[in-house]
Amino acid sequence: MTTPLTLTPGRGPDGTGRLAVSGEIDMSNAGDLAEALDSGSGPLVVDLTGVEYLDSAGLSVLFAHAERLELIVPPLLEPVLTVSGLADLVTVHGLGGAAGSRQ
């Protein structure tokens, strides 16, 4: 059974936008993620630690916003971000010591 996507916007202590994401991101709800990312401007920290599944539709949304994102990810997503190349484009925290290169 699919875990519903939950998007919780907020602000970090320094005022930077944050978006906590949980559930599964796939083609059925990638548009919701895109809307959430499109609704703001400037740097955005996206916390994906609650994400259980991420398919190519979700990756496409993240790639489209890569220039402004910083990702916090669970170990489950490490291979997906690494193989797709997204980890080379954004700052990534939580990749078991193999953090992304873009700062």
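To be clear, the structure that these remarks concern was listed above.
Residues numbered from 1 in each chain as written. Predicted model: local features only at pLDDT ≥ 70, side-chain atom pairs only at ≥ 80, totals over all residues. Heavy atoms only, no water.

**Side note on the packing of helix α1 (residues 30–38) against helix α2 (residues 56–64)**
Point 1. One can describe the packing of α1 onto α2 by two numbers: an axis separation of 9 Å at closest approach and a directional angle of 15°. When the interaxial angle is binned, α1 and α2 end up roughly parallel. For the crossing formed where α1 meets α2, the hand is right-handed. Contacts between α1 and α2 involve A30, L33, A34 and L37 from the first element and A57, G58, V61 and L62 from the second.
Point 2. Class assignment of the residues belonging to the contact of α1 with α2 gives a composition of 7 nonpolar, 1 polar and no charged. (Axes fitted to C-alpha atoms, helices over the stretch in contact; angles between N-to-C directions. Helix = DSSP H or I, 4+ residues; strand = E, 2+ residues; numbered from the N terminus. Parallel < 35°, antiparallel > 145°, perpendicular 65-115°, else oblique. Left-handed = near helix turned anticlockwise from the far one by under 90°. Contact = heavy atoms within 4.5 Å. Nonpolar A, V, L, I, M, F, W, Y, C, P; charged D, E, K, R; others polar.)

**Observations concerning α2**
Point 1. Taken together, the buried positions of α2 are G58, L59, V61 and L62. The arc that holds every buried residue of α2, seen down its axis, measures 160°, which confines them to one face. Of the residues in α2, the exposed ones pointing more than 90 degrees away from the buried face are S56 and A64.
Point 2. Buried positions along α2 lie against β2 (17–25), α1, β3 (44–54), β4 (69–72) and α3 (78–84).
Point 3. Between the side-chain oxygen at the start of α2 and the backbone nitrogen of A57 there is a gap of 2.9 Å, and the oxygen is on D55. (Buried < 20%, exposed > 50% of the residue type's maximum accessible area, 1.4 Å probe, protein only. Arc of directions from axis to C-beta. Polar contact = N/O pair within 3.5 Å; in protein donor to acceptor, adjacent residues only side chain to side chain.)

**Considering the nonpolar core**
Point 1. Counting 26 residues, the largest nonpolar core has V21, L37, L48, L62, L71 and L81 as its most contacted members.
Point 2. Those elements giving two or more residues to this core turn out to be β2, α1, β3, α2 and β4.
Point 3. Among the elements that make up this core, the one with the highest residue count is β3 (5 residues).
Point 4. When near neighbours in sequence (up to four residues on either side) are disregarded, L37 contacts L19, L44, V46, V61, L62, H65, R68 and L69. (Core = buried A, V, L, I, M, F, W, Y, C linked by side-chain atoms within 4.5 Å.)

**Observations concerning the sheet that holds strand β1 (residues 6–11)**
Point 1. If you walk across this open sheet you meet the 5 strands as β1-β2-β3-β4-β5, and the pairing is mixed. Looking at which strands have only one partner, the edges of the open sheet turn out to be β1 and β5 (91–93). Across the sheet, the axes of successive neighbouring strands diverge by a mean angle of 20°, strand direction being ignored.
Point 2. In terms of strand pairing, β3 meets β4 through 4 bridges, oriented parallel. Bridge pairing in β4 links D47 to I72.
Point 3. Here α1 sits on the sheet and contacts β1, β2, β3 and β4; the angle it forms with β2, its principal contact strand, is near 180°.
Point 4. Relative to β3, α2 is tilted by about 170°, and along the sheet it contacts β2, β3 and β4. (Pairing = 2+ DSSP bridges.)

**Some remarks on α1**
Point 1. Restricting attention to buried positions, one finds in α1 the residues A30, L33, A34 and L37. Angular distribution of buried residues about the axis of α1 spans 100°; they occupy a single face of the element.
Point 2. Buried-residue contacts for α1 involve β1, β2, β3, α2 and β4.

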